[in-house]
Structures are given as C-alpha cells and as structure tokens.
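# Summary of structural features
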Amino acid sequence: MHLKLRRKPEIGLRRLRLLELRLSDVAQLAATPAFSTLRAALQAYQARLLAETVTIQQIASPTFEESERAAYVQARLAALSALDQSSVCTDDLYNVYACLRGNDPSRPALLVSAHTDTVFSRQTSLSVKQTAETLCGAGIGDNSLGVAALLAAAELLSQSHVRLPSDVWFVANSREEGLGNLDGIRAVYARLGRCLGRAIVIEGMALGHVYIGGIAVKRLRIACYTEGGHSWLHFGRPSAIHHLMRLGAQIAALRPPESPRSTYNIGVIEGGRSVNSIAAEASLLLDLRSETREGLAALERSVLNLIDLNRTNGVRFEVTTIGERPSGSIPRSHPLVQLAHETLTYLGIQPIFEHGSTDANALLAHGLPTITIGITRGGNAHREDEFIEIAPILDGVWQLLLLIGAAAHLPAHPD
Ligand SMILES: [Zn+2]
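Any two packed helices are characterised by how steeply their axes cross, that is the angle between the axes, and by the distance between the axes. Contact geometry of helix H3 (residues 33-57) with helix H5 (residues 140-158) gives a least axis separation of 9 Å together with a crossing angle of 140°. Of the possible angle classes, the one that applies to H3 and H5 is oblique. Two packed elements cross with a definite hand, and for H3 against H5 that hand is right-handed. Contact residues: H3 offers Leu38, Ala41, Leu42, Tyr45, Leu49, Glu52, Thr53, Ile56 and Gln57, while H5 offers Ile140, Ser144, Leu145, Val147, Ala148, Leu151, Ala152 and Leu156. Its residues assigned to classes, the contact of H3 with H5 shows 13 nonpolar, three polar and one charged.

Quick look at the structure:
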C-alpha cells in the first residue's frame with residue numbers, strides 16, 4: 001500500500017480524502033437527532049435484549065430443525081407494524097424474512113442476516129448461568145445473541161424516526177452450521193439476490209472482528225470396502241479398517257502450506273462389525289479448508305493422490321463430497337469494509353480484519369459485497385459452556401445500527 005502511495009500520490013491522496021469524508025460520516029450520522037433518539041431507545045432496550053437472547057437460546061434449534069426458532073422470530077417480526085408486513089414470511093428451509101422499506105426504491109437493498117441453527121442436538125441441556133459479567137449456555141453467543149441483535153435492529157429502526165434510502169431485509173436464516181452446507185443463506189440469495197446490493201452477516205461473538213473473506217471448505221466422506229472375513233480363518237485378507245487407517249495416517253502426515261493457510265481434519269471415523277471380523281467397511285469424514293480456492297483444490301488433489309496410491313486388489317475406495325463452502329472476499333478498500341472500520345473506530349474498538357467460515361462465504365461467492373460482524377466478546381463456542389460478555393453488547397448493537405444506517409446511504413454503485 002505504501003509503495004502504491006509513492007507511485008501514485010494523487011490517487012493515494014484522493015483515497016485519504018474519501019476516507020476522511022467517511023470517517024466524519026459515521027460520527028455525523030450518530031449525531032443526527034434521529035440516531036441520537038435511536039441510541040436512547042437502544043439504552044432502554046438493553047434489558048429486553050438480554051432476556052430475548054435467553055428466550056431464543058431456550059428454543060432448541062439443531063441444523064435442519066430450526067422450525068420452532070423460526071416461528072418465534074416470525075411472530076416477533078410480524079408484531080412490528082412498521083415493517084412491510086406483506087414481506088414477512090418463512091420459506092421451506094425455515095428462513096424468516098421481513099423488509100423495512102426505504103424511501104428510494106431504485107437503490108439496491110441491504111441484507112442483514114443471522115443464522116438460527118446451532119451445533120447442539122435436542123438432547124443438549126439448555127440451562128443458562130448468568131453472572132454480573134457473563135451469560136453462559138449452549139448456543140448463547142453462536143448465535144442466539146446474533147438473532148436477538150437482528151430483532152433488536154428491526155424493532156428499533158422500524159420504530160424510530162430514522163428514514164433509510166434503501167430497503168433493509170432482515171433475515172433469520174437456517175443451515176449455517178455443520179452439514180447445513182450454507183443451504184439456508186443460499187436459498188435467501190436465490191430469492192432476494194437480484195434486488196440486493198450488499199450484506200451484513202451477524203455472529204454473536206467476535207466483536208471487533210470484521211470478516212472480509214470466506215474460507216473455502218470441502219468435506220469428504222472416504223469409504224473403504226473389502227470382502228471381509230474371519231480374523232483367524234481369513235487372516236491376510238484385506239481389511240477395510242487397516243487400509244483406511246493407513247490412508248488416514250498418510251493424510252495426517254500432509255503438511256499443507258501456511259500461505260494460503262490450508263488445513264485438514266479427520267473428524268469422524270467409523271467401521272467394522274466385531275472384534276473378530278476382518279472389517280468389510282470403514283469410513284472417515286475429512287474437513288479441508290483454505291484461504292483460497294486454489295489452495296483448497298491443491299489440498300484435495302493431495303488427498304485424492306494418496307487414495308489412488310492406496311488402491312489395490314480387493315480394496316475399493318469411494319469418495320463422496322458431503323459439504324462444500326465456496327470462498328470469496330471483499331477488498332479492504334470497499335466502502336462497506338471502510339464503514340465497518342470507521343464504525344468500530346468511532347466506538348473506540350480496534351478493528352481486526354480476517355477470513356472465516358460464515359454465511360458470508362455463499363454471498364461473497366455470488367459477488368455480493370458482504371461482511372460479517374460480531375456483537376460481543378465470548379468464548380467456548382460450540383461447547384455447552386459457551387459464554388458471552390454482557391457489557392460490550394450495547395456497543396455491539398449500536399455498531400450494527402450505525403452500520404445499517406451508513407450502508408443504506410451508500411450510493412448504488414460505490415465503486
Ligand atoms: Zn455462528
């Protein structure tokens with residue numbers, strides 16, 4: 001960046017001036033009477049926001065089984081009369097939609113989304129522990145708080161004097177976690193994509209982090225088959241477990257590059273019938289990730305090569321793709337990213353830009369400028385003792401409101 005500035009100082013200066021303009025934009029927006037009143041309304045809403053986070057968390061919502069949580073969200077949105085009530089609905093995948101109409105229909109709409117599903121089964125205890133500083137419980141931060149922040153934004157903005165130029169679609173979507181494969185947000189894009197200009201994805205934790213790139217992910221099920229037999233009588237025949245373990249050890253010895261950062265994980269392994277049977281069948285689930293599509297393809301090729309090397313008489317390998325998350329990114333210089341930067345800076349929070357695996361992957365892969373932001377800090381995600389810090393939540397939601405307001409004011413084609 002420094003080199004670019006030296007080579008083309010005139011562009012650098014123009015960029016700097018643009019940045020200054022935008023820096024004052026969020027501060028100016030926050031100082032308008034409509035947003036000052038909104039800020040006071042948010043302050044008064046704070047206790048409800050915590051209660052709502054717990055209410056949402058108490059509704060079990062495993063991936064593919066989001067119907068009850070979706071019904072709760074739809075009822076909440078249907079009660080907000082300032083939203084376009086003809087837009088409030090739930091689709092076949094349990095994505096819930098509601099639109100706050102803007103006053104300039106020619107502008108592309110802003111999508112604000114939060115996923116409703118969790119990694120926890122229906123059997124998981126949903127008990128919540130609250131201390132003065134934290135709320136602790138399965139799924140509390142990922143993503144009950146995100147959904148509560150979405151509802152707070154829909155309620156506070158629709159009931160305020162803020163008038164936004166573009167439509168804002170509030171969407172609580174399904175199937176973000178595990179084997180959901182981002183099918184929820186993909187369906188949202190299929191439905192709304194044509195009218196969207198940009199998107200903000202909410203994750204309850206990681207306040208201060210701005211995700212500007214989606215990690216490419218591919219998930220494979222590798223199954224191994226042999227004729228099997230008796231452990232004593234047929235000793236020497238190929239065993240599906242032995243061959244799969246050999247392959248697994250070779251995969252585990254792979255050293256993927258640090259740049260682009262690429263990773264693998266054998267997360268599940270199963271097979272065999274009994275201790276005295278030569279296994280006729282065994283399989284493993286492999287998760288492959290990379291910062292770039294090319295990095296992911298290279299990693300997958302290494303794995304497929306290893307499988308080819310392990311093919312031998314009487315041993316059959318079968319590879320099935322069980323999940324695929326596309327990658328994509330938004331440049332740091334994009335106005336939406338600049339606004340996120342500026343909003344956090346305005347709140348005194350140091351922004352951290354990074355790549356992750358969220359619903360934004362699917363939107364970025366379609367070329368829709370998208371960022372993912374957090375609402376508070378927390379830890380132990382995807383564990384039953386997941387927790388969130390209470391104090392930063394107010395700033396986190398204020399960030400969201402300012403960002404929605406500023407993004408809805410961006411010109412139709414800011415680039
Ligand atoms: Zn999440």
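On we go.
Here 10 bridges tie strand E9 (residues 216-225) to strand E13 (residues 281-290), and the two strands are oriented antiparallel to one another. Residue pairing for E13: leucine 220 is matched across the bridge by leucine 286. The pairing of strand E11 (residues 262-271) with E13 spans nine bridges and is antiparallel. From the neighbouring strand, glycine 271 faces E13, where its bridge partner is alanine 282.

Before going further, it helps to examine the nonpolar core. Ranked by size, the top nonpolar core spans 87 residues in total, and within it Val112, Ala149, Leu150, Ala153, Phe170 and Ile404 carry the most contacts. In contact with valine 112, other than residues within four places in its own chain, are Leu150, Ala153, Val168, Trp169, Phe170, Ile200, Ile202 and Ile404. Ranked by size, the runner-up nonpolar core spans 22 residues in total, among them Ile222, Leu247, Ala279 and Leu288.

Let us look at the sheet that holds E13. Overall, antiparallel pairing links the four strands, which are arranged E11-E13-E9-E14 in an open sheet. The open sheet is flanked by E11 and strand E14 (316-325), the only strands paired with a single partner. Averaged over all pairs of adjacent strands, the angle between their axes in this sheet comes to 20°, without regard to strand direction. Docked against the sheet, helix H7 (residues 240-252) engages E9, E11 and E13, running at close to 165° with respect to E11. Taken strand by strand, helix H8 (residues 293-310) contacts E9, E11, E13 and E14, and its axis lies near 155° from that of E13.

On to H5, then. Compared with the 27 Å implied by 1.5 Å per residue over 19 residues, the 25 Å span of H5 between its first and last C-alpha is a close match. The element H5 is extensively covered by neighbouring structure, given that 18 of its 19 residues are classed as buried.

With that settled, the discussion passes to helix H9 (residues 335-346). An ideal rise of 1.5 Å per residue puts 16 Å on 12 residues; H9 measures up with 16 Å between its terminal C-alpha atoms. All of the buried residues in H9 are Leu336, Gln338, Leu339, Ala340, Glu342, Thr343 and Leu344. One or two steps after H9, the chain reaches glycine 348, where phi turns positive at roughly 80°.

The next subject is the sheet that holds strand E18 (residues 378-379). Strand order across the open sheet formed by four strands is E4-E5-E19-E18, with antiparallel pairing between neighbours. Only two strands of the sheet have a single neighbouring strand rather than two, namely strand E4 (129-130) and E18. In this sheet, strand E19 (residues 387-389) lies alongside strand E5 (residues 134-136) in antiparallel orientation, the contact comprising three bridges. Note on E19: the bridge partner recorded for leucine 135 is isoleucine 388. In the packing of H5 onto the sheet, the strands contacted are E5, E18 and E19, and the crossing angle to E19 comes to about 50°.

Attention shifts here to the domain arrangement of the protein chain. Annotation of the protein chain at the domain level lists domain 1 (2-214 + 330-407) and domain 2 (216-325). Between domain 1 and domain 2, the contact holds eight residues from the first and six residues from the second. For the side of domain 1 that touches domain 2, the class distribution of residues is two nonpolar, six polar and no charged.

As a further point, take the environment of isoleucine 212. With respect to the element layout, isoleucine 212 can be found in strand E8 (residues 209-214). For isoleucine 212, a count of 24 C-beta atoms within 10 Å corresponds to the buried category. When the C-alpha atoms of isoleucine 212 and glutamine 250 are compared, they prove to be 33 Å apart, with 38 residues separating the residues in sequence.

With that settled, consider the environment of glutamate 155. If you trace the backbone, glutamate 155 turns up in helix H5. Owing to 22 C-beta atoms within 10 Å, glutamate 155 belongs among the buried residues under this scheme. As for glutamate 155 and threonine 321, which are separated by 166 residues in sequence, their C-alpha atoms are 41 Å apart.

So, how was this worked out
- Residues numbered from 1 in each chain as written.
- Predicted model: local features only at pLDDT ≥ 70, side-chain atom pairs only at ≥ 80, totals over all residues.
- Axes fitted to C-alpha atoms, helices over the stretch in contact; angles between N-to-C directions.
- Helix = DSSP H or I, 4+ residues; strand = E, 2+ residues; numbered from the N terminus.
- Parallel < 35°, antiparallel > 145°, perpendicular 65-115°, else oblique.
- Left-handed = near helix turned anticlockwise from the far one by under 90°.
- Contact = placed C-beta atoms within 7 Å.
- Nonpolar A, V, L, I, M, F, W, Y, C, P; charged D, E, K, R; others polar.
- Pairing = 2+ DSSP bridges.
- Core = buried A, V, L, I, M, F, W, Y, C linked by C-beta atoms within 7 Å.
- Buried ≥ 20, exposed ≤ 12 C-beta atoms within 10 Å, placed from the backbone.
- Expected span 1.5 Å × (residues − 1).
- Domains from an automatic or database assignment.

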